[in-house]
Amino acid sequence: MSGGQTYGKSLPDQVDRISSLSDAQLELVVDVRELFRERAAIEREYATKLQVLARKATEKKNKKIAALVVGNEPTKACEEDVLLQSTINNAYSQLILSLHESAQDHLDLSDAFNSQVVDALKSTERRHDEAKKKQIQYFQKLLSERDRVYSERLKNKQKYDEECAEVETYRQKQERSTDDRHADRATRQYEQQYTDMLNSKNVYLISTAISNKVKKKFYSEDIPMLQDQFQDLQTQLITKFAKVMLQAQAVQTRNLDELKSHITTTEAVLGAVDPQADQVLFIEHNISSFTLPTDWSFEPCATHYDTGDVSVAPAPKVFLQNRLHRCRAKLQELRPVLDAKRKEMEQFAKLVSTYSAERGLGDVDEVSDNFLDAQHQFAFYATSETILTGEIDTITAAVAGDEGGESPHTFKSSAFSIPTQCAYCKSSIWGLSKQGKTCKSCGISVHSKCELKVPADCSDSRGGRSYSTSDSVSSISRSSSVISGADSLTPSLTAPTPSSFARTSRAPEEALQSARVLFDFSPTSPFELAISGGNFVHVLEEDDGSGWVKVSDNSGGKGLVPASYLELEDGASAPAKMKISVPTSMPQQGSGKYVRGIYAYEAQGPDELDVEEGGLIELTGGPTGGTDYGDGWWEGIDASGKKGIFPSNYVEFVR
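Residues numbered from 1 in each chain as written. Predicted model: local features only at pLDDT ≥ 70, side-chain atom pairs only at ≥ 80, totals over all residues. Heavy atoms only, no water.

Draft legend 1. Up close: the pattern of salt bridges. Inspection of every chain in the model, using the stated rule, returns 30 salt bridges. We note a salt bridge from R326 to E451, for which the minimum N-O separation is 2.5 Å. Remark: E451 occurs in the loop between β3 (445-447) and α12 (473-477) and R326 occurs in helix α10 (residues 314-357); sequence separation between them is 125 residues. Taken as a pair, R326 and E451 share a single burial class, namely buried. Residues R516 and E567 are paired through a salt bridge, measuring 2.8 Å at the closest nitrogen-oxygen approach. With R516 in strand β4 (residues 513-517) and E567 in strand β8 (residues 566-568), the pair connects residues that are 51 residues apart, well separated along the chain. Overall, the relative accessible area of 22% leaves E567 in the partly exposed class. (Salt bridge = Lys/Arg side-chain N within 4 Å of Asp/Glu carboxyl O. Helix = DSSP H or I, 4+ residues; strand = E, 2+ residues; numbered from the N terminus. Buried < 20%, exposed > 50% of the residue type's maximum accessible area, 1.4 Å probe, protein only.)

Below is the structure:
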């Protein structure tokens, strides 16, 4: 906005009310368009019928003018003199008056109205209706993104409470173990569970800090920007409306010399239409008290007393240091993209200003649409930056300068056809669906859930130092080293963004594997690469469980492509297809627990399930099924009997 009062500053968190004003303005365009269409028909009949139409228009205006000027539910009483202050009300009133004084129009004027007024208003109405719908969709996406962060905090709180309950259970088991044979094992179990509880607590505290930052950004940046965009669209609509009306008056001037004086008066009133002045009037009658929602704070578990301080015990500190390194890597990758989006947004803003001043330079409507799209994209990238900086600030304050070791492992997802011992928790890793991770440098293997708990003491060569049986969970928990440079924190099958993708580089000694492209793929983000079916590409980074593979083509281009679009050159499946092998003699076994889809999700591979909003999925049983399948993914059976995996944050339990 170019000076003056703005919706974003003066009307905090009133998107619905502003949207209603846009509806009223579009209804005005519809009413006036219909008015001119009917008037053109009446011009061919009798002058008296034109006067009837004017009375109908007056009745419509009297019913809707208050909503047009001050909204449907103003917070300040609206008197008759307030309506007279509205430039659009005065213009509309003069327009109706001109109908009474133009009862003798002829057929040429009717034809001119149809071609130069009705069609122009229809075009304006259609464009601004589409722009308003796009704004509402953007608002819903903002709410969805905010609520997703809020929901993650609640999930982490529930996880923390569950871990606290488990700590109490293991503590009671430890107290009941009196003989030496069981006492040591009970002690180890209690220590490991206590560490897991502290990790869950830290995750909960981090998500709380992130939620507060996202909430602040939502109310102080996203919503004001959205409301200002509505204000810009309303300005464009009213300005365009006034220009079409001026054009209609010009037609009358050319065709009805005898009514020139009346038309000139109407032109003056329409020329005085001031969207900013009318918006200030709307603001003055819709101001209400607004207080930013209070920040969240730590809520102690009912079964375990604790404080709101981030735990920096040795083992939890390792976990925090790992997350800190990953967040910084992601932020380093995100900021160039964010700067590019900011520059793109600034360039579009200059174009809008230039094209608005000189209409002959180009289509200002198209440039305005591009500017809005750039603002929307920048808002989501900025949210990603807010999340990352929120986590970095929280962890940095907690570790107080102790950011961990300098020899991180380079883990990659692995499948285990035979049981393999986890280097951290010493239990078995098994499964063909990549249940664990293997370091590409030293070769140690761990569960996916144990990856962030392993100290950063990579020997940097296969066959080097490996964890011995003496490296128990408790001994690892006393280390203050940090693991960094691993794969992304949370697997996702959605298109990658700067906040969800930070890959490690391929070891120089690894040979690049070729893969054949099965289907054409068009990129939808700066991180993706366009590929064509039948071509061959080189695999730079295998799938980490997210459903994406980083490849390079023959022209030197690099980027991400869906793993299900590739097939290895030797005919084997692409590394990230994650096909689940189920013996034919075994029926699909459900656990009897059901979840309901809260968002629609389309399967990205043959091993996945579609999630329908409101649809039910039965979770599978077993130690690696259902909610135990993997971080961010659950396994279940849909209504057709198909078994597969789906994102856990797209569903909720059926109570």
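Draft legend 2. Focus on the pairing of β4. Looking at chain direction, β4 and strand β5 (residues 536-541) are connected through four bridges and run antiparallel. Looking at β5, one finds that A515 is bridged to V537. In terms of strand pairing, β4 meets β8 through three bridges, oriented antiparallel. Residue pairing for β8: V517 is matched across the bridge by L566. (Pairing = 2+ DSSP bridges.)

Draft legend 3. Inspection of the sheet that holds strand β7 (residues 558-562) at higher detail. Taken together, five strands build an open sheet; the order of strands is β7-β6-β5-β4-β8 and the sheet is antiparallel. In this open sheet, the two strands that pair with only one neighbour each are β7 and β8. Ignoring strand direction, the axes of neighbouring strands in this sheet form an average angle of 50°. Summarising the sheet, β5 and strand β6 (residues 548-552) pair through three bridges and their orientation is antiparallel. Note on β6: the bridge partner recorded for E541 is K550. (Axes fitted to C-alpha atoms, helices over the stretch in contact; angles between N-to-C directions.)

Draft legend 4. Quick peek at the packing of aromatic side chains. Taken as a whole and judged by the stated rule, the model has 16 aromatic pairs. Ring geometry for F36 and F113: centres 5.0 Å apart, planes at 65°, overall edge-to-face. You can see F36 sitting in helix α2 (residues 15-42) and its partner F113 sitting in helix α6 (residues 107-176), a full 77 residues away along the chain. Side by side, F36 and F113 carry an identical accessibility label, which is buried. The interplanar angle of 70° and the centroid separation of 4.7 Å between the aromatic rings of Y150 and W296 together place this pair among those described as edge-to-face. Pair noted here: Y150 is in helix α6 and W296 is in the loop between α9 (275-284) and α10, with a separation of 146 residues, a long-range link. W296 sits in the partly exposed class, given a relative accessible area of 28%. Taken together through their ring pairs, the aromatic side chains of F519, F521, W548 and Y565 make up a single cluster. The positively charged end of R146 is found above the aromatic ring belonging to F218, 4.5 Å away from the centroid. (Phe/Tyr/Trp six-rings, centres within 6.5 Å; stacked < 30°, edge-to-face > 60°. Lys NZ or Arg CZ within 6 Å of the ring centre and 35° of its normal.)

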